[in-house]
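Chain and residue survey
The residues making up each chain are set out below.
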Amino acid sequence: MIKPLGDRVVLEPVENEEKTASGLILPETSKEKPQEGRVVAVGSGHLEDGKRVPLEVTEGQRVIFSKFAVTDVKYDGRDYLILRESDILAIVE
Amino acid sequence: MIKPLGDRVVLEPVENEEKTASGLILPETSKEKPQEGRVVAVGSGHLEDGKRVPLEVTEGQRVIFSKFAVTDVKYDGRDYLILRESDILAIVE
Amino acid sequence: MIKPLGDRVVLEPVENEEKTASGLILPETSKEKPQEGRVVAVGSGHLEDGKRVPLEVTEGQRVIFSKFAVTDVKYDGRDYLILRESDILAIVE
Amino acid sequence: MIKPLGDRVVLEPVENEEKTASGLILPETSKEKPQEGRVVAVGSGHLEDGKRVPLEVTEGQRVIFSKFAVTDVKYDGRDYLILRESDILAIVE
Amino acid sequence: MIKPLGDRVVLEPVENEEKTASGLILPETSKEKPQEGRVVAVGSGHLEDGKRVPLEVTEGQRVIFSKFAVTDVKYDGRDYLILRESDILAIVE
Amino acid sequence: MIKPLGDRVVLEPVENEEKTASGLILPETSKEKPQEGRVVAVGSGHLEDGKRVPLEVTEGQRVIFSKFAVTDVKYDGRDYLILRESDILAIVE
Amino acid sequence: MIKPLGDRVVLEPVENEEKTASGLILPETSKEKPQEGRVVAVGSGHLEDGKRVPLEVTEGQRVIFSKFAVTDVKYDGRDYLILRESDILAIVE
């Protein structure tokens, strides 16, 4: 298992077929180039004045994120992405 | 539904016809290139010292925003914009 | 009406005739290129540690501001300017 | 009257004759290019954690300042300078 | 022994054979170029408002880290890496 | 008299003869180019969360400082230097 | 004696012979170019919210540091280095 640190989140990328089902289309030309993923694991929280503030996203949620500053990791044959919660723009419900 | 995170806001762009009605005209030549939109969803608030401070804007309001750092998203055939509240300049009432 | 957010202020530009009356002349060559305006609306305040600190300027005051980072907006046929209070240098009384 | 905002100060420039009297000479070659002025008005203070901390300088004092980030203003036929207190280096007593 | 300061961590690099066993593969083409290591020693914690907040990682854990800002050190014939905890992306369990 | 503001300090430069006596030699080739001076006046302190924290250096001490960001001032025929305490590296006792 | 200010530390460089004895070798090719030194004097501490937080290192300890932002000082015929504690990576015990 990959357990992210602090305000980081592990995502698995959402495939195109699934995207069509949800109705979400992310244009190629968008400046920030958002992408969609599913939350696999969340870190212990933001460090604020010495306390941990829990993240807003939780396991299983589908999220839109900016693909800058994302790290690609391959584990047990699967692709994952690690990013900070602040690079997640929104939850798709 | 698209639920923005933290201090982010989801807008739908306001069409030109509607703009004329409100009397607001945003000049092409303006340096910050403001645009107009309607608030569709707001995030949980600004994270300040470990607490969430609610956003000022609320659903349904019409706002002027700077179009830098805005992410375009297409969902169920509609165009939306995701941005931070700090990139919203004013509410048009 | 245009209601600015947070620490932002809406100004209407002050015309030249009026400037002469007040005795204020802003030189072309000044590095920061200050301009004069009248406060039309003020935001809810600076967000400091989760609390709103009211702005110093109030409606009706005449102010000198740095014209960088100002956004021009046209509303109901009139020109307005939106800027942060920190870009206002002084009140002219 | 010009009333500066926040941590800003209004100065009137000190003339050369007066400089000789005080014994202060500011070399042309100095990297920060300090200049001398007299305090005409002071702002409401530094905004620190939502409170105003009064400025150290007071009306009538003569000060040395760094001429970067100074805004020149002409009012009622006189030249003034507006700058932040943090750009004032010292008081000359 | 090498005792890291503050929010720093000492790692020993994890060899390729071991990587295959865990199933983790870090692609060459990944933008942040993550690498894997084992925690050998941790610092006294993050300095936050004058207090030490303990690190999240502990000795013996295997971690993925961004290889930027890592310092290579050779001690008693072995290779070690020193980095800040914030450059560790996740723990591999 | 020159009274520095806030966390600033006024120094008089220490001459070469005096340097030899103290045994301190500052190499020409040092990257930060340290210099030696004697404290003539100290400011009211660092502004921290709205309170003044007194400076560490006091009048009469000899100090080593980095010569970047130092302002040269000539007063009553003497040369002085104004700098922030954070640009002082150490006290020479 | 050289007494460092605040979060600064004075080191004397550790010679090569001594390095071999401890078993520490710092590679030439390392990006941050770490070096080894012995702590000669420590400052009064980090200034955090108006309070001094003592440094972690103490006199006599051997430390690895990044050689950027180090100032070389010669005193009584000996070479010393002045740096901030945050540029010390680890203590070698």
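This one's a predicted model, so the numbers in the text were calculated from it and none came from an experiment.

Overview of the overall build of chain A
In terms of helices and strands, chain A carries one helix and ten strands. Helices (α) and strands (β) of chain A occur, in sequence order from the N terminus, as β-β-α-β-β-β-β-β-β-β-β. At a minimum sequence separation of 6, the contacts of chain A that also span at least 24 residues come to 68%. Carbon and sulfur atoms form 48% of the exposed surface of chain A, whose accessible area is close to 4,300 Å².

Here we look at the relation of the copies chain F and chain D
Once chain F has been moved 0.0 Å along the axis and rotated by 51°, it coincides with chain D to within an RMSD of 0.0 Å. Of the interface residues in chain F, just 8% have counterparts in chain D that sit at the interface too, so the contact is made through distinct surfaces.

What to know about unusual backbone geometry
Negative phi characterises most residues that are not glycine, and trans characterises most peptide bonds. Positive phi, normally seen in glycine, also occurs at D76 of chain C, with a value near 50°. Within the secondary structure, D76 of chain C sits in the loop between β8 (71-75) and β9 (78-84). You can call D76 of chain C exposed: its relative accessible area is 56%. A positive phi angle is found at D49 of chain G, which is not glycine, with a value near 55°. Mapped onto the elements of the fold, D49 of chain G is located in the loop between β5 (46-48) and β6 (51-53).

Quick look at the interface of chain A and chain E
Facing 26 residues of chain A, the contacting portion of chain E comprises 25 residues. Of the roughly 2,100 Å² buried between chain A and chain E on both sides combined, carbon and sulfur atoms contribute 51%. Inspection of the chain A/chain E interface yields one salt bridge. Of the charged contacts in the structure, one is a salt bridge between R52 of chain A and E56 of chain E, with a shortest N-O distance of 3.6 Å.

Focus on the side chain of R62 of chain F
Within the secondary structure layout, R62 of chain F lies in strand β7 (residues 62-66). R62 of chain F sits in the buried class, given a relative accessible area of 14%.

Overview of the interface of chain F and chain D
Of the residues lining the interface, 26 residues belong to chain F; the matching set on chain D comes to 25 residues. Looking only at chain F, the three residues that lose the most surface to chain D are K3, L5 and T71 of chain F, adding up to 26% of its buried area. One can count one salt bridge joining chain F with chain D. Listing elements by their share of the side of chain F that touches chain D, those giving two or more residues are β1 (2-4), β5 (46-48), β8 (71-75) and β9 (78-84) of chain F. Residue contributions to the side of chain F that touches chain D peak at five residues, all from β8 of chain F. By residue class, the composition of the side of chain F that touches chain D is eleven nonpolar, five polar and ten charged.

Some points on the relation of the copies chain A and chain E
Its rotation angle being 51°, the transformation that places chain A on chain E also includes 0.0 Å of axial translation and leaves an RMSD of 0.0 Å. Little of the interface of chain A is mirrored in chain E, where only 8% of its interface residues are also at the interface.

Here we look at the side chain of R8 of chain F
With respect to the helices, strands and loops of the structure, R8 of chain F is situated in strand β2 (residues 8-13). No salt bridge is formed by the buried R8 of chain F; its nearest oppositely charged neighbour, D7 of chain F, is found at 5.2 Å. Here I88 of chain D takes part through its backbone oxygen, which lies 3.0 Å from a polar atom of the side chain of R8 of chain F. Contact partners of R8 of chain F, with chain neighbours within four places excluded, come to S86, I88 and L89 of chain D together with V42, G43, L55, I82, L83 and R84 of chain F.

Some remarks on the environment of M1 of chain C
Within the fold, M1 of chain C resides in the segment before β1 (2-4). Discounting residues that sit within four places of it in the chain, M1 of chain C has contacts with I91, V92 and E93 of chain B together with Y75 of chain C.

Concerning the environment of L55 of chain B
Residues and elements named next belong to chain B. Relative to the elements of secondary structure, L55 occurs in the loop between β6 (51-53) and β7 (62-66). Residue classification places L55 among the buried positions, given a relative accessible area of 13%. Remark: the alpha-carbon pair of L55 and V9, spanning 46 residues in sequence, is separated by 8.9 Å. Leaving out residues up to four positions away in the same chain, L55 has contacts with G6, D7, R8, V9, V42, G43, G45, H46 and E85.

Describing a positive patch on the surface
Residues K51 of chain A, K51 of chain B, K51 of chain C, K51 of chain D, K51 of chain E, K51 of chain F together with K51 of chain G make up a contiguous surface patch of positive charge. Along the chain, the position of K51 of chain E falls in strand β6 (residues 51-53).

Quick word on the confidence of the model for chain A
On average, chain A scores 84 in pLDDT, and the residues at 70 or more come to 81%. Below a pLDDT of 50 lies the segment residues 28-32 of chain A, which in the model reaches 13 contacts outside its immediate sequence neighbourhood of four places, other chains included.

Comments concerning the environment of L89 of chain B
Its location among the elements puts L89 of chain B in strand β10 (residues 88-92). Classification of L89 of chain B as buried rests on a relative accessible area of 2%.

A few points about the pairing of strand β10 (residues 88-92) of chain G
Within β10 of chain G, five of the five residues are buried, which leaves it mostly tucked inside the rest of the structure. Pairing of strand β1 (residues 2-4) of chain E with β10 of chain G involves three bridges; the strand directions are antiparallel. Considered in β10 of chain G, the bridge of K3 of chain E is made with I91 of chain G. Pairing of strand β7 (residues 62-66) of chain G with β10 of chain G, which is carried by four bridges, proceeds in the antiparallel orientation. Of the residues in β10 of chain G, the one forming a bridge with R62 of chain G is V92 of chain G.

The rules behind these values
- Residues numbered from 1 in each chain as written.
- Chains lettered and ligands numbered in written order.
- Predicted model: local features only at pLDDT ≥ 70, side-chain atom pairs only at ≥ 80, totals over all residues.
- Heavy atoms only, no water.
- Helix = DSSP H or I, 4+ residues; strand = E, 2+ residues; numbered from the N terminus.
- Contact = heavy atoms within 4.5 Å.
- Areas by Shrake-Rupley, 256 points an atom, 1.4 Å probe, with all protein chains shown as cover.
- Least-squares fit on C-alpha atoms with pLDDT ≥ 70 in both.
- Buried < 20%, exposed > 50% of the residue type's maximum accessible area, 1.4 Å probe, protein only.
- Buried area = accessible area lost by both parts, 1.4 Å probe.
- Salt bridge = Lys/Arg side-chain N within 4 Å of Asp/Glu carboxyl O.
- Nonpolar A, V, L, I, M, F, W, Y, C, P; charged D, E, K, R; others polar.
- Lys, Arg positive; Asp, Glu negative; His and termini not counted.
- Polar contact = N/O pair within 3.5 Å; in protein donor to acceptor, adjacent residues only side chain to side chain.
- Patch = residues over 30% accessible without salt bridge, like charges linked within 9 Å, V, L, I, M, F, W, Y side chains within 5 Å.
- Charge placed at Lys NZ, Arg CZ, Asp CG, Glu CD.
- pLDDT = per-residue confidence, 0-100.
- Pairing = 2+ DSSP bridges.

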